[in-house]
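In case you want the letters, here they are:
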Amino acid sequence: MPSTDEVKERIEQALPGATANVTDLTGGGDHLRAEVVYDGFAGLSRLQQHRLVYDVFEGEIGGPIHALSLKTETPT
Amino acid sequence: MTNEEIRGEIKRAIHEERVMLFMKGTPDMPRCGFSARVSQILNASGVEYAAMDILPDPRIREELSGLSGWPTIPQLFVGGELVGGCDIVTEMFETGELAETLGTERPERVEAPAPAQAPGQSPPLQIE
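Here is a short report on the structure shown in this document. Note that the structure is a prediction, hence the values are computed from the model and not measured. (Residues numbered from 1 in each chain as written. Chains lettered and ligands numbered in written order. Predicted model: local features only at pLDDT ≥ 70, side-chain atom pairs only at ≥ 80, totals over all residues.)

### Examining the interface of chain A and chain B
- The interface of chain A with chain B comprises ten residues on the first partner and eight residues on the second.
- Among the residues forming the side of chain A that touches chain B, the class breakdown is five nonpolar, three polar and two charged. (Contact = placed C-beta atoms within 7 Å. Nonpolar A, V, L, I, M, F, W, Y, C, P; charged D, E, K, R; others polar.)

### Describing the sheet that holds strand E2 (residues 31-37) of chain A
All names here are of chain A.
- Taking strand neighbours across the sheet as the criterion, the three strands line up as E1-E2-E3 in an open arrangement whose pairing is mixed. Strand pairing shows two members of the sheet lacking a second neighbour, strand E1 (19-24) and strand E3 (67-73), which therefore form its edges. When strand polarity is set aside, the average angle formed by the axes of neighbouring strands in this sheet is 15°.
- As paired strands, E2 and E3 are joined by seven bridges and run parallel to one another. In the sheet register, His31 faces E3, and the bridge partner there is Ala67.
- Strand contacts of helix H2 (residues 46-56): E2 and E3, with the helix running at about 125° to E3, the strand carrying the most contacts. (Pairing = 2+ DSSP bridges. Helix = DSSP H or I, 4+ residues; strand = E, 2+ residues; numbered from the N terminus. Axes fitted to C-alpha atoms, helices over the stretch in contact; angles between N-to-C directions.)

### Here we look at the nonpolar core
- Membership of the largest hydrophobic core comes to 30 residues, with the highest contact counts inside it found for Leu21(B), Phe22(B), Met23(B), Val38(B), Tyr49(B), Ile54(B) and Val89(B).
- Of all elements in the fold, only helix H1 (3-16), strand E1 (19-23), helix H2 (33-45), strand E2 (50-53), helix H3 (58-68), strand E3 (75-78), helix H4 (86-95) and helix H5 (97-102) of chain B reach the threshold of two or more residues within this core.
- Among the nonpolar cores identified, the runner-up in size contains 17 residues, and Val56(A), Ile65(A), Leu68(A) and Leu70(A) belong to it. (Core = buried A, V, L, I, M, F, W, Y, C linked by C-beta atoms within 7 Å. Buried ≥ 20, exposed ≤ 12 C-beta atoms within 10 Å, placed from the backbone.)

Function cannot be inferred from these measures alone, as they are strictly geometric.
The following block contains the structure:
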């Protein structure tokens, strides 16, 4: 089960320039929430923005990462 | 049931039901907080929708995620298009975009409502 730090690092590595704030919603390590700010989200629908983040963890969501709740934004 | 039959049933539901929710459990008996939240939002929106429980057979989820390219449950489809999962539906509900997508009036209360049985709601679809 990846830690919040690991999830943050992987998002920030995969999406250059992105800032991810990852929290553990339940304290159990399997329900994580990531708030991601990334200028590459500009012009994309919310669905496409979430897909970009989910793609970083292809195959792990629903498995090792039980749930990853997302909030995506472009920098202001 | 073969995988092809399951996939066919999912496709049929997506294309024939204008508002189609794939969830864990049923709107009356949700088995996951995220699924419960989306069905409560739909109930509060006053829209008629169909729901399919993905739990009875693990292949339902596999086939659904294969079709939609979306890894998590719940998944809401409107007019044959994926709208999103719990986070997106919740955000859209709060901003009023969901009412636009569903073609309903925006409810006055914007916070997620308490569980309630909506009148006129279709019974959940079942895959035996």
